[in-house]
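Analysis of the macromolecular model
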Amino acid sequence: MTGPALTIALLLRTSPLIETCRQWLSGNRYTPVDLGLSGDATDLRQVLEGQREAVDAVVIEQSLLTAEVRQSLLEAGLLFPAVVVGEVMGHVDYHPEEVHLPVDQLEQLGYNVDAAISRFLRHGQREDRPMGGTAVDVEGGAAVEASAWRLTSRLQERLGYLGVFYKRDPSRFLAHLAPDEQAELLKSLQRTYRDLLLSYFRDPAAANQALESFVNTAFFADLPITRAVEIHMNLIDDFWKQLRLEGHKNDFLQDYRLALLDVMAHLCEMYRRSIPPDVSLSSSVASQPAGSPSVTNQEMSS
């Protein structure tokens, strides 16, 4: 994506975590800004309010978002596209359009920042609200709605009406990364997919957050479908071997094909929505090379 760098506020407590996030928000696409919570600053509302007009999105540590802090942010109208760093537990920590990313999967941070912004923009577009509903469905009243609407307008002015969703950055596609970066991203995606499988039947809400994280990264990294299937098959094979060694039944593992189908359905829906309304689906499909191994609308990215 060409255009101005996105200012990403880092609301994190520990210096190692800040440095890790900086590492995965490098380059000319993002400008990460440490708001000083690892130092003397303790009032999240105060430090964020001082940067209200400069911040495009936030990366925020889950443990900071207590009920009191969340309410304070909403009362002040401090609503931003957000990546919540912490355990995937299936509940909302900040607002419904946030995305979640565990600490051991920060290799996907940049992709999830894009996903958070695109979700915020889509749901902030007043014309898309059904029956006159609010832009972002959170408690907090008119002040929150007005603040979210101003930020949505500002982001649209900077990024263009179509935002980041329709204009993925080809330089960050998996195929265009260096070999070591490809390996790191794939390992991170495997960890996300493992979290998805482990919680798929036990905790559907947590599984849904892991699924969203995987699909967001797959979409913005233009992950080939064959790679997604490969990740699924390798993990199921590992589970099968482990259960066999421990003397347990493993027939139920075939039920996890539902997880793969779920991922494919969500990913297809993202690609469907990524086609601008004025571009017909037939023309897009016709421009795809026959037998292409990946579901891609790369031609839309330019």
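Bear in mind the structure is a predicted one, so any value in this text is a computation, not a measurement.

Here we come to the pairing of strand β1 (residues 6–11). Within a regular strand, side chains alternate between the sheet's two faces. Most of β1 sits inside the fold, with six of its six residues counted as buried. Side chains L6, I8 and L10 project from β1 onto one buried face, and the interleaved T7, A9 and L11 project onto a second face that is buried too. Two strands pair when backbone bridges link them, and β1 and strand β2 (residues 30–34) are joined in this way by five bridges, in the parallel orientation. By the bridge assignment, L6 is partnered in β2 with Y30. Remark: the β1/helix α1 (residues 15–23)/β2 crossover connection has right-handed handedness. The sheet contact formed by β1 and strand β3 (residues 57–61) spans four bridges and is parallel. When the bridges of β3 are listed, A9 appears paired with V58.

The five strands lie next to each other as β2-β1-β3-β4-β5, forming an open sheet whose pairing is parallel. Of all strands in the sheet, those bounded by a partner on one side alone are β2 and β5 (99–101). Pairwise comparison of adjacent strand axes, ignoring direction, gives a mean angle of 25° for this sheet.

Of the positions making up α1, those classed as buried are L17, I18 and C21. Seen from one end, α1 has its buried residues packed into an arc of 100°, which puts them on one side.

Attention now goes to unusual backbone geometry. Located in the positive-phi region is D222, a residue other than glycine, with phi close to 55°. Mapped onto the elements of the fold, D222 is located in the loop between α7 (204–220) and α8 (225–245).

Between α8 and helix α9 (residues 257–273), whose axes approach to 11 Å, the crossing angle comes to 155°. Between α8 and α9, the angle is such that the two are roughly antiparallel. The hand of the α8/α9 crossing is right-handed. Contacts between α8 and α9 involve I225, A228, V229 and H232 on the former and, on the latter, R257, L260, M264 and L267. Tallied by class, the residues present in the contact of α8 with α9 amount to six nonpolar, one polar and one charged.

With that out of the way, let us pick up empty space enclosed by the protein. Enumeration over the complete set of coordinates arrives at one cavity of 30 Å³ or more. Counted as a void, the largest cavity has a volume near 30 Å³. In terms of lining, the largest cavity is formed by V88, H100, P102, Q105, T192, D195, Q209, A210 and S213. The element contributing the most residues to the lining of the largest cavity is α7, with three residues. A per-class count over the lining of the largest cavity returns three nonpolar, five polar and one charged.

It is worth spelling out the nonpolar core at this point. Core analysis: the biggest nonpolar cluster contains 46 residues, and L11, V58, V59 and V113 have the highest contact counts within it. A total of six residues in this core trace back to one element, the largest contributor, which is helix α4 (residues 109–124). The residues contacting V59, other than those within four sequence positions of it, are I8, A9, L10, L11, L12, C21, L25, V83, V85, L109 and V113. In this structure, L197, A210, F214 and M270 belong to the second largest nonpolar core, which totals 37 residues.

Glancing now at helix α6 (residues 179–199). With 21 residues, α6 should cover 30 Å at 1.5 Å per step; its first-to-last C-alpha distance of 31 Å lies within 8% of that length. Among all positions in α6, only L185, L186, S188, L189, T192, Y193, L196, L197 and S199 are buried.

Once that is clear, we can look at the layout of surface pockets. Computed from the structure, the largest pocket encloses a volume of approximately 400 Å³. Around the largest pocket, the lining comprises 19 residues; the ones closest to its centre are W24, Y111, R172, L177 and E181. Those elements that place two or more of their residues in the lining of the largest pocket are α4 and α6. For the lining of the largest pocket, the per-class residue count stands at seven nonpolar, six polar and six charged.

Okay, the confidence of the model for the chain next. Atomic detail in the predicted coordinates should be set aside for any region of low pLDDT. Considering every residue of the chain, the mean pLDDT works out to 83; 79% of them sit at 70 or more. Within the model, pLDDT remains below 50 along residues 126–136, and this stretch shows 18 contacts once partners closer than five positions in the same chain are excluded. Counted against residues more than four places away or in other chains, residues 284–302, with its pLDDT under 50, gives 35 contacts.

Once that is clear, we can look at a nonpolar patch on the surface. Residues F201, L258 and L261 make up a contiguous nonpolar surface patch of roughly 320 Å² in combined accessible area. Within the secondary structure, F201 is located in the loop between α6 and α7.

The next thing to look at is the pairing of β3. Across the five residues of β3, five count as buried, placing the element largely inside the fold. On β3, burial covers both faces: A57, V59 and E61 on one face and V58 and I60 on the other are all buried. Sheet topology note: the β3/strand β4 (residues 82–85) ladder contains four bridges and is parallel. In the strand pairing of β4, I60 is matched with V84.

What counts and what doesn't
Residues numbered from 1 in each chain as written. Predicted model: local features only at pLDDT ≥ 70, side-chain atom pairs only at ≥ 80, totals over all residues. Heavy atoms only, no water. Buried < 20%, exposed > 50% of the residue type's maximum accessible area, 1.4 Å probe, protein only. Helix = DSSP H or I, 4+ residues; strand = E, 2+ residues; numbered from the N terminus. Pairing = 2+ DSSP bridges. Right-handed = clockwise from strand over helix to strand, strands pointing away. Axes fitted to C-alpha atoms, helices over the stretch in contact; angles between N-to-C directions. Arc of directions from axis to C-beta. Parallel < 35°, antiparallel > 145°, perpendicular 65-115°, else oblique. Left-handed = near helix turned anticlockwise from the far one by under 90°. Contact = heavy atoms within 4.5 Å. Nonpolar A, V, L, I, M, F, W, Y, C, P; charged D, E, K, R; others polar. 1 Å grid on protein atoms, 1.4 Å probe; cavity = no way out; pocket = protein on both sides within 12 Å on 5 of 7 lines; lining within 4 Å. Points joined across faces, edges and corners; volume = space filled by probe spheres on them. Core = buried A, V, L, I, M, F, W, Y, C linked by side-chain atoms within 4.5 Å. Expected span 1.5 Å × (residues − 1). pLDDT = per-residue confidence, 0-100. Patch = residues over 30% accessible without salt bridge, like charges linked within 9 Å, V, L, I, M, F, W, Y side chains within 5 Å. Areas by Shrake-Rupley, 256 points an atom, 1.4 Å probe, with all protein chains shown as cover. Salt bridge = Lys/Arg side-chain N within 4 Å of Asp/Glu carboxyl O.

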